[in-house]
Amino acid sequence: RGRWHLFSPLDPGREQLNDRILWKEEIAEALHQDRFELHFQPIIDLATGAPCHMEALLRMRDREGGMVFPDRFIPIAEKTGQIQIIDHWVLSQVIEVLASHPGLRIAVNLSGNAMVDPTILRELKRLIQLHSLTPERLSFEITESVAIDSLTSATRLMKSIQELGCRFALDDFGSGYASYAYLRQLPVDDIKIDGAFIRDLPNNQEDRIFVKAITDMAHGMGKRVIAEFVESAEILDVLEDIGVDCAQGYFFARPAPLQDLE
Ligand code: C2E
Ligand code: MG
Ligand code: MG
Ligand code: MG
């Protein structure tokens, strides 16, 4: 970042930094060469058994065409600042898909950076107007930890986005603080329970108690509950008993390019 720094070969930070510099170049090249793509995973309304919306999940192709998953490049893009370009790219792609597929609803993951990016709201308004979209067709997900790291700006952005008519979900709920104090401050419509508490539901009594308690609390607060990592019919049975509203996972469908899902 506009400085130079002398490292010894044994410096433990050196490899990490090399790695980050290489990845920064890789991400820049991928952006330039259009090697990002969105996959979509349906989210099922358990009351009807039909998909209610889809989550957009970002992938990057390496030079050989291999798929790179977001956990590998998003944390780096957040450190290098490239995440801002990525967030805007994802938003514009999703809006294009919505504009050309009138029946669809899509959820977009937002980074921590988006919470403090003053241009994101403006861009969102502009794109919704440009394509005359019904705003309810677009929803956003932020993880609990992102919301809490920038609580004031996250709350403000969430309120503005909701005023436009889009929905907001708190992602990976339970993996961080799972605190009622935050839940009552954050204006979320949906709670997505972290997959770690879902995948063992049939065998783990305590997870069942946790998921049931969160679901009852969310319903009491007028929010919907979505479960991720639903990998089997047994998990689905438990979720239906508990009264969870929506489910997403490999049991229904893996994330895939739009044309495959159609
Ligand atoms: P997330 O938003 O919690 O997304 C759910 C992750 O669980 C996805 O991983 C999805 O592919 C995976 N998944 C879905 N169903 C199952 C299942 O049944 N079993 C298992 N084991 N996994 C399942 P993915 O696509 O690798 O994304 C990882 C994370 O990267 C996401 O977590 C999200 O936080 C972030 N991310 C993805 N796309 C974007 C994006 O466009 N922008 C930003 N800022 N972050 C993104
Ligand atoms: Mg998500
Ligand atoms: Mg999640
Ligand atoms: Mg996650």
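Residues numbered from 1 in each chain as written. Chains lettered and ligands numbered in written order. Predicted model: local features only at pLDDT ≥ 70, side-chain atom pairs only at ≥ 80, totals over all residues. Heavy atoms only, no water.

- The name recorded for the protein chain in an unreviewed UniProt entry is EAL domain-containing protein, from Thiorhodococcus fuscus.

**Regarding the coordination of the magnesium ion (ligand 3)**
Step number 1: The protein atoms that coordinate the magnesium ion (ligand 3) are Asp 171 (OD), Asp 172 (OD), Glu 228 (OE) and Glu 228 (OE), at distances of 2.1 to 2.5 Å.
Step number 2: Read from N- to C-terminus, the donor residues coordinating the magnesium ion (ligand 3) fall into the pattern D-D-x55-E.
Step number 3: In this structure, the magnesium ion (ligand 3) is positioned 4.1 Å from the magnesium ion (ligand 2), and both are ligated by Asp 171. Here Asp 171 is found in strand E6 (residues 167–173), whereas its partner Glu 228 is found in the loop between strand E8 (224–227) and helix H9 (233–242), with 57 residues between them in sequence. Like Asp 171, the residue Glu 228 is buried in the burial classification. (Donors = N, O, S within 2.8 Å, 3.2 Å for Na, K, Ca; no water. Helix = DSSP H or I, 4+ residues; strand = E, 2+ residues; numbered from the N terminus. Buried < 20%, exposed > 50% of the residue type's maximum accessible area, 1.4 Å probe, protein only.)

**Some remarks on empty space enclosed by the protein**
Step number 1: Applying the stated rule across the entire model yields 1 cavity of 30 Å³ or more.
Step number 2: A volume near 40 Å³ is recorded for the largest cavity.
Step number 3: Around the largest cavity, the lining residues are Leu 91, Leu 110, Ile 120, Leu 124, Phe 140 and Ile 161.
Step number 4: Partitioned by chemical class, the residues of the lining of the largest cavity number 6 nonpolar, no polar and no charged. (1 Å grid on protein atoms, 1.4 Å probe; cavity = no way out; pocket = protein on both sides within 12 Å on 5 of 7 lines; lining within 4 Å. Points joined across faces, edges and corners; volume = space filled by probe spheres on them. Nonpolar A, V, L, I, M, F, W, Y, C, P; charged D, E, K, R; others polar.)

**As for the pairing of strand E4 (residues 106–109)**
In regular strands, side chains alternate between the two faces of the sheet.
Step number 1: Here strand E2 (residues 50–61) runs beside E4; their pairing, made up of 3 bridges, is parallel. Looking across to E4, one finds that Met 54 is bridged to Ile 106.
Step number 2: With 4 bridges connecting them, E4 and strand E5 (residues 138–143) associate as parallel partners. When the bridges of E5 are listed, Ala 107 appears paired with Ser 139.
Step number 3: In the classification by handedness, the crossover that spans E4, the intervening helix H4 (residues 119–130) and the parallel E5 is right-handed. (Pairing = 2+ DSSP bridges. Right-handed = clockwise from strand over helix to strand, strands pointing away.)

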